[in-house]
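One letter stands for each residue in the lines below.
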Amino acid sequence: MAGSNSPIRTAIIGFGTSGRIFHAPFLAADSDFSLDIIVTADETRLVAASEEYPNARVLSTPEELWADSESIDLVVIGSPSGTHAALASAALEAGLDVVVDKPFVATAREAEALIAQAEHLGRRITVFQNRRWDGDFRTVRALVDDGALGDIRRFESRFEWWQPELRAGWKAEATAAEAGGILYDLGAHLIDQALQLFGPVSHVHAEVFTRRAGAGADDDSFVALQHESGAISHLWMSAVAPMFGPRFRVLGSRAAYTSWGLDGQEPALIAGARPRDPGFGETPEARWGTVGTDAEQHPLPTQRGDYGAFYRQLAVALRTDGPLPVDPRDAVAALQIIEQAHASAAR
């Protein structure tokens, strides 16, 4: 793709929440890409994909895609997490650049092997860590980067929901060996964000629980990270929280920042909004976080959420051989922490 101005011909594997909500709308909205192929074995999703993207061919198996790999440049893997490693490897062997949804794969060793394979074949591989472009996280990052809160002493971050009964699907059944469970699912985001803010980790402590009968892996976990920079991250992820804590609570030596509720891009997309819609990614004033001290604080406008930035940066990277929007080695570091967290909780 280097030096080319033609659209980057793209295929998506999987048309569940990942492919349908987080990838297809942004690829379709970006003129640097063409969405040419969607792969799904589910009959209902096959019909939905054909209706939503009539210009894309819909295939039933990845093998059909590999047989026609010369017709595309990039494949986006949004299938169940336990299939990521094999599909990414096959895509690289087919001569394609690759985006893998998080969690990248199940182990740091698998991740390192894929990175080495991509380098050997002269291809590019990256990981879709879209939560780097949440509006609230972009706001936190700006506060940390410009020193507005002073030295950060404690970073608290949560993804919580209340789902006491299991819902049918692969996520309910997948084991940790298949990159299943909430530590791999949501922890991959929370850990990545903490590493982006505060850098490498010297110590990991975790509490990993499976609360719901029949769940294949954990659904209620906590991870504490001691960063080499001196900051401490406390990360909660739970599917069984009947009352939610703040999304972010960042305590510095001079001030703090607190926000509530999740970034609005995902629910907007589920409701049918699209990235080009006016106001997409904006947070209403009533949901802004607050900054200051207990004695004096004020609302702080939330930066605009922008998942589309991942694909804009990816297009530049593929055309210029420049830096990828997410270095896959960042995912290796996060996977190492997830593996340490599971080991810590097992002791």
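Everything below is about the structure printed above this text.
Residues numbered from 1 in each chain as written. Predicted model: local features only at pLDDT ≥ 70, side-chain atom pairs only at ≥ 80, totals over all residues. Heavy atoms only, no water.

1. Remarks on the overall build of the protein
The condition is simple: Secondary structure elements are taken from DSSP: a helix is a run of H or I of four residues or more, a strand is a run of E of two residues or more, and numbering for both begins at the N terminus. Put simply, the radius of gyration uses C-alpha atoms, and a globule should come to 2.2 Å times the residue count raised to 0.38. The buried label applies to any residue whose accessible area, calculated with a 1.4 Å probe on protein chains only, is under 20% of its type's maximum; exposed applies above 50%, and partly exposed to all values in between.
When you go through the protein residue by residue, the secondary structure sums to 12 helices and 14 strands. Taken over the C-alpha trace, the protein has a radius of gyration of 20 Å; the compact-globule value for 347 residues is 20 Å, and the two agree within 12%. In terms of its C-alpha atoms, the protein occupies a principal-axis envelope of roughly 60 × 45 × 40 Å. Counting all 347 residues of the protein, 53% fall into the buried class.

2. Side note on the layout of surface pockets
Empty space among the atoms becomes apparent when a probe as large as a water molecule is rolled across them. So the rule is basically this: The pocket and cavity definitions rest on a 1 Å grid over protein atoms only: a 1.4 Å probe that fits but cannot leave marks a cavity, an open set with protein on both sides within 12 Å along at least five of seven lines marks a pocket, and residues lining either have an atom within 4 Å of a point. Grid points are joined across faces, edges and corners, and a volume is the space filled by probe spheres set on the points. Classification convention: Asp, Glu, Lys, Arg as charged; Ala, Val, Leu, Ile, Met, Phe, Trp, Tyr, Cys, Pro as nonpolar; all other residues, Gly among them, as polar.
Roughly 190 Å³ of internal volume is contained in the second largest pocket. Around the second largest pocket, the lining residues are F26, A29, D30, Q265, P275, F280, R304, G305, D306, G308, Y311 and R312. Residue assignment for the lining of the second largest pocket shows that the elements contributing at least two residues are α1 (17-29) and α11 (308-320). It is α11 that provides the largest number of residues to the lining of the second largest pocket, a total of 3 residues. Taken together, the residues of the lining of the second largest pocket sort by class into 5 nonpolar, 3 polar and 4 charged.

3. Thoughts on empty space enclosed by the protein
Under the counting rule described, the total for this entry stands at 2 cavities of 30 Å³ or more. By volume, the largest cavity is sized at about 80 Å³. Every residue lining the largest cavity is listed: D136, S259, W260, G261, L262, D263, G264, T283, R287 and T302. When grouped by side-chain class, the residues that make up the lining of the largest cavity number 2 nonpolar, 5 polar and 3 charged. Here the second largest cavity is characterised by a volume of approximately 40 Å³. Sorting elements by how many residues they give to the lining of the second largest cavity places helix α12 (residues 328-346) first, with 4 residues. Residue classes in the lining of the second largest cavity are distributed as 7 nonpolar, 1 polar and no charged.

4. A word on the nonpolar core
Here is the rule: Residue types Ala, Val, Leu, Ile, Met, Phe, Trp, Tyr and Cys, when buried and joined through side-chain atoms within 4.5 Å, form a set referred to as a nonpolar core. Residue contacts are counted whenever heavy atoms from the two residues lie within 4.5 Å of one another.
One finds L65, V98, F104, I125, F155, Y311 and L314 to be the most contacted residues of the largest nonpolar core, which totals 100 residues. Here V98 is in contact with L74, V75, I77, A88, A91, L92, R124, I125 and T126, once residues within four sequence places are set aside.

5. Concerning the sheet that holds strand β7 (residues 152-160)
Hydrogen bonds between backbone groups are what pair the strands of a sheet, and the pairing can be parallel or antiparallel. We count it as follows: In this scheme, strands are said to pair when DSSP sees at least two bridges between them. Interaxial angle, 0 to 180 degrees, is taken between N-to-C directions of lines fitted to C-alpha atoms, where a helix line uses only the stretch in contact.
Spatially, β8-β9-β10-β7-β11-β12-β13-β14 is the arrangement adopted by the 8 strands of the open sheet, whose pairing is mixed. At either margin of the open sheet sits one strand with a lone partner, and together these are β8 (201-209) and β14 (297-300). Between one strand axis and the next, the sheet turns through 15 degrees on average, direction left out of account. Running over the sheet, helix α9 (residues 187-198) touches β7, β8, β9 (220-227), β10 (232-238) and β11 (248-252) and is turned about 160 degrees from β7. Where α12 meets the sheet, its contacts fall on β8 and β9, and the angle it forms with β8 comes to roughly 55 degrees.

6. Some thoughts on the sheet that holds strand β3 (residues 57-59)
Overall, parallel pairing links the 6 strands, which are arranged β3-β2-β1-β4-β5-β6 in an open sheet. For this open sheet the edge positions go to β3 and β6 (125-128), each flanked by a neighbour on one side alone. Direction aside, the axes of adjacent strands within the sheet are offset by 25 degrees on average. As paired strands, strand β1 (residues 8-13) and strand β4 (residues 74-77) are joined by 4 bridges and run parallel to one another. Along β4, the bridge assignment pairs I12 with V76. Sheet strands touched by α1: β1, β2 (33-39), β4, β5 (97-101) and β6. Its angle to β1, the strand with the most contacts, is close to 170 degrees. Against the sheet, helix α4 (residues 84-93) makes contact with β1, β4, β5 and β6, and its axis sits at roughly 170 degrees relative to β5, the strand it touches most.

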